[in-house]
Amino acid sequence: MKRFFINIIKRLIDFFQSAVLPSCSRSGFAASFYFTFFSRDFYYEHKAILKAKLAYSKNKGIHGKSSALLRRNIHRLEKGLIMRPRRNIFALDYLLETLQVYKSANEVEGFSEVELEWAKSVLNEYFTVVDCTHPQIAYAYEFYQGVKTVVGDNHTVKLPYIQANKAKHHISYEQLMKLCSARRSTRWFKPQSVEGDKINKAAAIALQAPSACNRQPYEFYVIKSQPLLSKLVDLPGGTAGFSGNIPCLIAVVGDLSYYPEARDRHVIYIDGALASMQFMLAVETLGLGSCPINWPELHTLDHKVSQLLEIPQYKRVVMFMAVGYPDESGHIAYSEKKPFESTVITL
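Residues numbered from 1 in each chain as written. Predicted model: local features only at pLDDT ≥ 70, side-chain atom pairs only at ≥ 80, totals over all residues. Heavy atoms only, no water.

### Here's the deal with unusual backbone geometry
Residue R84 is joined to P85 through a cis peptide bond whose omega torsion reads -10°. Tracing the backbone through its elements, the reader meets P85 in the loop between helix 4 (68-81) and helix 5 (95-106). The omega torsion across Q226 and P227 is 5°, close enough to zero to call that bond cis. Phi at Q216 takes a positive value of approximately 45°, unusual for a residue other than glycine. For Q216, a relative accessible area of 17% puts it in the buried group. (Helix = DSSP H or I, 4+ residues; strand = E, 2+ residues; numbered from the N terminus. Buried < 20%, exposed > 50% of the residue type's maximum accessible area, 1.4 Å probe, protein only.)

### Brief notes about the sheet that holds strand 3 (residues 289-293)
Whenever strands of a sheet pair, they do so through backbone hydrogen bonds, lying parallel or antiparallel. Strand order in this open sheet of 4 strands is 1-2-4-3, and the pairing throughout is antiparallel. Edge positions in the sheet fall to strand 1 (218-223) and strand 3, since each of these pairs with one other strand and no more. Looking at each pair of strands side by side, their axes are set apart by 25° on average, direction ignored. The strands that helix 9 (residues 196-206) touches are strand 1, strand 2 (248-255) and strand 4 (315-324); relative to strand 1, the one it contacts most, it runs at about 165°. (Pairing = 2+ DSSP bridges. Axes fitted to C-alpha atoms, helices over the stretch in contact; angles between N-to-C directions. Contact = heavy atoms within 4.5 Å.)

### Section: the pattern of salt bridges
Taken as a whole and assessed by the stated rule, the structure comprises 10 salt bridges. Between K315 and E219 there is a salt bridge, with its nearest N and O atoms 3.0 Å apart. Of the two residues, K315 sits in strand 4 while E219 sits in strand 1, which places them 96 residues apart along the sequence. In this structure E219 comes out as partly exposed when scored by relative accessible area, which is 30%. One salt-bridge network, in which partners are shared between bridges, spans E297, D302 and R316. (Salt bridge = Lys/Arg side-chain N within 4 Å of Asp/Glu carboxyl O.)

### Remarks on the packing of helix 4 against helix 6 (residues 113-129)
At a minimum axis distance of 10 Å, the contact between helix 4 and helix 6 shows a crossing angle of 40°. Every pair of crossing elements has a handedness; the one defined by helix 4 and helix 6 is left-handed. Contact residues: helix 4 offers L70, R71, I74, H75, L77, E78 and L81, while helix 6 offers E115, L116, W118, A119, V122, L123, E125, Y126 and V129. Looking at the contact of helix 4 with helix 6 residue by residue, the classes come out as 11 nonpolar, 1 polar and 4 charged. (Left-handed = near helix turned anticlockwise from the far one by under 90°. Nonpolar A, V, L, I, M, F, W, Y, C, P; charged D, E, K, R; others polar.)

### Things to note about the pairing of strand 4
Within strand 4, 10 of the 10 residues are buried, leaving the element largely enclosed by the surrounding structure. Bridge count for strand 2 against strand 4 is 8 bridges, and the pairing is antiparallel. Considered in strand 4, the bridge of G254 is made with R316. Here 5 bridges tie strand 3 to strand 4, and the two strands are oriented antiparallel to one another. For C291, the partnering residue across the bridge sits in strand 4 and is A322.

### Re the pairing of strand 2
Remember that side chains alternate between the two faces of the sheet whenever the strand is regular. When you tally the buried positions in strand 2, you get 8 out of 8 residues, the bulk of the element. Side-chain alternation along strand 2 places C248, I250, V252 and G254 on one buried face and L249, A251, V253 and D255 on a second face that is also buried. Bridge count between strand 1 and strand 2: 6 bridges; the pairing is antiparallel. The residue bridging Y218 from the neighbouring strand is G254, located in strand 2.

### A word on the nonpolar core
Counting 29 residues, the largest nonpolar core has L70, I74, L77, Y102, Y126 and F127 as its most contacted members. Of all elements in the fold, only helix 4, helix 5, helix 6 and helix 7 (135-145) reach the threshold of two or more residues within this core. The dominant element in this core, judged by the number of residues it contributes, is helix 6, at 7 residues. (Core = buried A, V, L, I, M, F, W, Y, C linked by side-chain atoms within 4.5 Å.)

### Some words on the side chain of R183
Assignment of secondary structure puts R183 in the loop between helix 8 (173-182) and helix 9. An unpaired buried charge is present at R183: no salt bridge exists, and E284, the closest side chain of opposite charge, is 6.0 Å distant. (Lys, Arg positive; Asp, Glu negative; His and termini not counted.)

### Some points on the side chain of S257
With respect to the secondary-structure elements, S257 resides in the loop between strand 2 and helix 11 (267-285). Leave out the neighbours within four places in its chain, and S257 touches A52, A55, Y56, N59, H63 and Y314.

### Side note on the environment of F111
Tracing the sequence through the fold places F111 in the loop between helix 5 and helix 6. As for F111 and K65, which are separated by 46 residues in sequence, their C-alpha atoms are 4.2 Å apart. Setting aside its immediate chain neighbours within four residues, F111 contacts I62, G64, K65, S66, S67, L70, A105 and L116.

In structure tokens form, the structure reads like this:
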């Protein structure tokens, strides 16, 4: 009898949800009302974004031995340097912020030297080409001269360069197509450990992926040890039937605290996915197989994975990847892809 009444209540709720859905979909306020009362789908994300804003204000743009804010603003300066025609006054709205985080980065012990070399190169070039008689630029230049940098004068110069000097490659379209066709989701692996060196090499290639303003807001968590591996592989629904066969699981984790505004909350998924695809192509060249594993937005699973990985709420799992040495006798899905004609829309 109890089950009967529970089902009746569920049906009434479903009926009411369906009835108010058209009205609630017409405005942002009404839509928020709908999700407040009928769904908890966005609760975890909302909290994560607010905690990320707190973390951003606390760390002042510094993330350990790197700085997303410094990389973003130095990249913005680079874009100003390569403009046609280049102006002699630009970047006034973020110039002082850039110098302040540059100063802070130089004060962090063990901060990435390659990042500081790049920043120093671009800042030196900026103050060489702009009008230093402008009051804001003059003040900024004086500030810059007072920064005690750990990078010496003989550092590697890292500046924008012309297209003709771009790194050359000899990979043909046909070769790239073969690599992409060879990379298929592998679900059956040999009971063989994956070397950390190969993971590092794949990550180095993944980090060459484009990223919005070069912030690269992601990390690769490599899980190979027990019992953590066994606890994690069963969380994503897509591992059913082969989770016990995964020798190495990689969690691609995006960090929302790289951004001060909620408007950028989806960038971790875009940048994380771009890097993940290059990572999977890289492991293919290293004799390994991979399988991307979907990670849906479910607050209960988000909470569990945060506890297991010991990460704050503002760090979100973008996706998982299974990596290992393929079992040559294991089957892979054919997975016919759509023809380009159905996806290329010329306007």
